[in-house]
Amino acid sequence: LFLDRSDAVELPIKFIPRYAGCYHCQILLKSSCDVRVYEVECVVNTDHAEAELEFVTPAYQAVVQDIPISNMSSQNWKLEAILEGQGFYGPPLINVGLGETALYPLMFKPIAEC
């Protein structure tokens, strides 16, 4: 059975999340001759994703800043860190449990004055 766009039916959905996270939903549509299940996944990010850190340390001496990451979603997070820039180090993965706050240790260790 092929339908063209003129046979399409819109199904408006209103979604108002309270927290950032990943939300899953199933929509069940029934008729006398058909049953369909649609799975919907919504990913919600916060508006406050930008931050600025300033590191001051003598050359060859490391400084570490613990960055808090709060998981207010409905599932555990396994996050991958991608660090760009010379002299920055940190773990490549961090796990943040449901309702927890984990500290990501970002280290800056300059190899020269910069």
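Anything mentioned here points back to the structure above.
Treat the numbers as computed from the prediction; the structure is a model and nothing was measured.

Definitions and limits used
- Residues numbered from 1 in each chain as written.
- Predicted model: local features only at pLDDT ≥ 70, side-chain atom pairs only at ≥ 80, totals over all residues.
- Heavy atoms only, no water.
- Helix = DSSP H or I, 4+ residues; strand = E, 2+ residues; numbered from the N terminus.
- Buried < 20%, exposed > 50% of the residue type's maximum accessible area, 1.4 Å probe, protein only.
- Contact = heavy atoms within 4.5 Å.
- Areas by Shrake-Rupley, 256 points an atom, 1.4 Å probe, with all protein chains shown as cover.
- Pairing = 2+ DSSP bridges.
- Patch = residues over 30% accessible without salt bridge, like charges linked within 9 Å, V, L, I, M, F, W, Y side chains within 5 Å.
- Salt bridge = Lys/Arg side-chain N within 4 Å of Asp/Glu carboxyl O.
- Phe/Tyr/Trp six-rings, centres within 6.5 Å; stacked < 30°, edge-to-face > 60°.

**Student:** Where do I start with the overall build of the protein chain in this structure?
**Tutor:** If you tally the helices and strands in the protein chain, you get 0 helices and 7 strands. Listing the helices and strands of the protein chain from first to last along the sequence gives β-β-β-β-β-β-β. The buried share of the protein chain, taken over its 114 residues, is 15%. Expressed as a percentage of contacts within the protein chain between residues at least 6 apart in sequence, the contacts between residues at least 24 apart total 44%. Carbon and sulfur atoms form 54% of the exposed surface of the protein chain, whose accessible area is close to 10100 Å².

**Student:** Would you take a moment to explain the pairing of strand β1 (residues 21-30) for this structure?
**Tutor:** On any regular strand, side chains alternate: one points to one face of the sheet, the next to the other face. Across 10 bridges, β1 lies against strand β2 (residues 35-44) in antiparallel orientation. Following the sheet pairing, lysine 30 is matched in β2 by valine 35. The loop that links β1 with its antiparallel partner β2 comprises 4 residues.

**Student:** Where do I start with a nonpolar patch on the surface in this structure?
**Tutor:** Side chains of Leu11, Ile13, Phe15, Leu29 and Tyr38 sit close together on the surface and give an oily, nonpolar patch of about 480 Å² of accessible area. Tracing the backbone shows tyrosine 38 in strand β2.

**Student:** Please explain the packing of aromatic side chains as it appears in this structure.
**Tutor:** To describe a pair of aromatic rings, one takes the distance between the centres and the angle between the planes. Tallied over the full model, the rule gives 2 aromatic pairs. Taken together, a centroid distance of 5.3 Å and an interplanar angle of 70° make the contact between phenylalanine 15 and tyrosine 23 edge-to-face. Ring plane angle 35° and centroid distance 4.8 Å describe the contact between phenylalanine 88 and phenylalanine 108, whose orientation is recorded as tilted. In this pair, phenylalanine 88 sits in strand β5 (residues 88-89) while phenylalanine 108 sits in strand β7 (residues 101-108), placing the two residues 20 residues apart along the sequence.

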